[in-house]
Amino acid sequence: MISEHPPRNLPPHRVHSPVVEAVETAIEISDVSKSFGHNRVLDGVSLKIRKGSIAVMLGPSGTGKSVLLRCIVGLLKPDRGQVKVFGEDVAALNPHRAADRAKLFAVRRRIGMLFQDGALFDDMTVGDNIAFPMRMHTKLSEAKIREAVADKLARVGLRGVEPKFPSELSGGMRKRVAFARAIALEPDIVLCDEPSSGLDPVMASTLDELILHLHQTLGMTFVVISHDTAEALKIADTMGLLYRGKLLTFGPKEEVMRTNHPGLRQFFARETAGPIKVV
Ligand SMILES: Nc1ncnc2c1ncn2[C@@H]1O[C@H](COP(=O)(O)OP(=O)(O)OP(=O)(O)O)[C@@H](O)[C@H]1O
Ligand SMILES: [Mg+2]
């Protein structure tokens, strides 16, 4: 695990610290399987996500995409395999052991997560929701936290909604608040579970541009789950297709598009006939 964060004003390819260069891989998943009872949801998944890349994971509903993200952040433990985040195998950490808990906490400090359903705290205002990770992980003053909350809300086009409760917002607004919370700590990795679902096309595009901007200015690594092929083409440099717990294809976007796996072709053409079956 690296002990330093890269300088925040440089994109990752311009960072020349030997410490940083030694760790080029943000996430490395090796042979991960996960079952719930007899339902094998992930079946020997292996992939590597380079630091500073935007990896978009496509795949039909119920195929294990959200489960994979939960394994990366250590909320679910795979039955088999390794999930290395900046070299730390989070799958091997036991949250009931103090030493492991500290390591898990340190890894989570570097990850922001946008859950598929937003997962906002309903009994907290929007401002407190976004401030939550800052209060938990930093010693920033309340004034600085207020400033950072306002900045994050402005970035998602929601200036001034701090005092509102999640129940007072539209679904799309809640999603954007959840995104603002995910980037609150300006984490090294942001995991986004369907960031654009429920948003109108203009707002979805605005969020895509924000992802690209954060990637370019702060060098954040993104893993984005999406059903939107246009979004995938716009933001991804790395693309994958998960189907029934297996990665059908994964790699640099151009290569993946050139290889044109029949499942991916079906996905892009929105066809019902092909290797991806509904049942
Ligand atoms: N905590 C859990 N307990 C039992 N089964 C689960 C649990 N979480 C997920 N599953 C099952 O794992 C499978 C994959 O779920 P997952 O949420 O990863 O799908 P997904 O690819 O994200 O789908 P969608 O595109 O609809 O969000 C489903 O069959 C689901 O029922
Ligand atoms: Mg999902």
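Residues numbered from 1 in each chain as written. Chains lettered and ligands numbered in written order. Predicted model: local features only at pLDDT ≥ 70, side-chain atom pairs only at ≥ 80, totals over all residues. Heavy atoms only, no water.

Chemist: Which parts of the structure should I look at to understand the confidence of the model for the protein chain?
Modeler: Detailed conclusions should not be drawn from predicted coordinates in areas where pLDDT is low. Averaged over all residues, the pLDDT of the protein chain equals 87, while 91% of them reach at least 70. A low-confidence stretch, residues 1–22 (pLDDT under 50), is modelled with 29 contacts involving residues beyond four sequence positions or located in other chains. (pLDDT = per-residue confidence, 0-100. Contact = heavy atoms within 4.5 Å.)

Chemist: Looking at this structure, I do not really get the packing of aromatic side chains. What am I missing?
Modeler: Any aromatic ring pair is given by two values, namely how distant the centres are and how the planes are angled relative to each other. The final tally for this structure, using the stated rule, is one aromatic pair. Stacked on the ring of Phe86, the Lys or Arg Arg110 has its end atom at 3.9 Å from the ring centre. The aromatic ring of Phe121 is capped on one face by Arg181, whose charged end is 5.0 Å from the ring centroid. (Phe/Tyr/Trp six-rings, centres within 6.5 Å; stacked < 30°, edge-to-face > 60°. Lys NZ or Arg CZ within 6 Å of the ring centre and 35° of its normal.)

Chemist: Looking at this structure, how should I read the pairing of strand E1 (residues 25–36)?
Modeler: Successive residues of a regular strand alternate their side chains across the two faces of the sheet. Two strands pair when backbone bridges link them, and E1 and strand E2 (residues 39–50) are joined in this way by eight bridges, in the antiparallel orientation. Of the residues in E2, the one forming a bridge with Val32 is Val45. Here E1 hands over to E2 after two residues, with Gly37 in that stretch at a positive phi of 60 degrees. Taken together, the five bridges between E1 and strand E4 (residues 80–85) define a ladder with antiparallel strand orientation. (Pairing = 2+ DSSP bridges. Helix = DSSP H or I, 4+ residues; strand = E, 2+ residues; numbered from the N terminus.)

Chemist: Teacher, can you tell me more about the coordination of the magnesium ion (ligand 2) here?
Modeler: In an ideal octahedron of six donors the angles at the metal are 90 or 180 degrees, and in an ideal tetrahedron of four donors they are 109.5 degrees. Each protein donor to the magnesium ion (ligand 2) is listed here as Ser66 (OG) and Gln116 (OE1); together their distances run 2.1 to 2.2 Å. A residue pair is termed long-range when its members are at least 10 positions apart, and Ser66 in helix H2 (residues 65–72) and Gln116 in the loop between strand E6 (111–114) and helix H4 (126–137) qualify at 50 residues. Overall, the relative accessible area of 37% leaves Gln116 in the partly exposed class. (Donors = N, O, S within 2.8 Å, 3.2 Å for Na, K, Ca; no water. Buried < 20%, exposed > 50% of the residue type's maximum accessible area, 1.4 Å probe, protein only.)

Chemist: So what exactly am I meant to see when it comes to the nonpolar core here?
Modeler: One broad trend across soluble globular proteins is that nonpolar side chains are buried collectively. If you look at the biggest cluster of nonpolar residues, it comprises 49 residues, and the most contacted ones within it are Ile130, Leu153, Phe179 and Phe222. No other element matches helix H7 (residues 201–218), which puts eight residues into this core. Judged by nonpolar contacts, the second largest core, of 34 residues, contains Val32, Val73, Val90 and Ile111. (Core = buried A, V, L, I, M, F, W, Y, C linked by side-chain atoms within 4.5 Å.)

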